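Structure at a glance
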Amino acid sequence: MSNNKLSVDELKAKVDQDLGTSRWFPVTQERIDQFADLTEDPQWIHIDPERAAKETPFGGTIAHGFLSLSLLSAMAMDVVPGVQGTVMGINYGFDKVRFLNPVRSGSQVRGHFKLAGVEPRGDNQLLIRYAISVEIDGVDKPAIACEWLSLIVLG
C-alpha cells in the first residue's frame, strides 16, 4: 500500500475517484518462463518464441493472463492508500475479470485504480471494491479490466 493512510471517512469520500496509476512492470520472456514453471503451465504460446512467431498472430510469445493478473498485487502497493486502524487485509477475490488484450513478451504494463465502493461488514470490517484497468505500454486496448475486492479488518 502507499504510505498514505486514510481514515475510514476519508476513504469513503474517495468512492468513484481515481486512486492513481502504478509504475510500469516489465513482462520479459524470463518472467513468463518463470511463471510457466511455477504454475506448471508450459503452453508453447508462452514459452516457445520461435514457434509463437511462426504460428500465432502475436509475432511471438505472450504472457499468461494469470501472470498479468498476479501483478495487480504489486501495482496496488504503488497506489492504493492504507486505512488507519487496519489490522489486516485479505484478498476477497474478483467480481469480474476480463482479459481483453494479450501482453506480448518484452512489453510493460501498469495498473490504473479507481475506488468503486466501500461497504461496512459488521462492526470492524470493510469490503473495498476497486475498478482496475491494466494498460500495455503503447497499446490502446487494455490487457485487463476487472473489479477486485479486498476485505480489511479494523482494530
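Summary of the structure given here. (Residues numbered from 1 in each chain as written. Predicted model: local features only at pLDDT ≥ 70, side-chain atom pairs only at ≥ 80, totals over all residues. Heavy atoms only, no water.)

Side note on unusual backbone geometry
Which entries qualify depends on this criterion: Here a helix means four or more residues in a row that DSSP labels H or I, a strand means two or more in a row labelled E, and each is numbered from the N terminus.
Of note in the backbone geometry, Asp-16 takes a positive phi value of approximately 75° without being a glycine. One non-glycine residue with positive phi stands out, namely Glu-40, at about 55°. Counting through the fold element by element, Glu-40 comes out in the loop between α2 (29-39) and α3 (44-47).

Some points on the environment of Gln-108
Put simply, the test is: Relative accessibility thresholds used throughout: buried, under 20% of the residue-type maximum; exposed, over 50%; partly exposed, between the two (1.4 Å probe, protein chains only). Should any heavy atoms of two residues lie within 4.5 Å, those residues are considered in contact.
Following the sequence through the fold, Gln-108 ends up in strand β6 (residues 107-120). A relative accessible area of 27% means that Gln-108 is categorised as partly exposed. Residues Gln-108 and Ala-36, spaced 72 residues apart in sequence, show a C-alpha to C-alpha distance of 18 Å. Residues in contact with Gln-108, not counting those within four places in the same chain, are Trp-24, Phe-25, Pro-26, Val-27, Glu-135, Ile-136 and Asp-137.

Looking at the pairing of strand β8 (residues 144-154)
How we decide: Strand pairing is defined by DSSP finding a minimum of two bridges between the two strands.
Most of β8 is tucked away: 9 of the 11 residues are buried. Here strand β5 (residues 86-99) pairs with β8 via 11 bridges, running antiparallel. Residue pairing in the sheet places Thr-86 in a bridge with Leu-154 of β8. Looking at chain direction, strand β7 (residues 125-136) and β8 are connected through 10 bridges and run antiparallel. Each bridged residue has a counterpart across the sheet, and for Arg-129 the counterpart in β8 is Leu-149.

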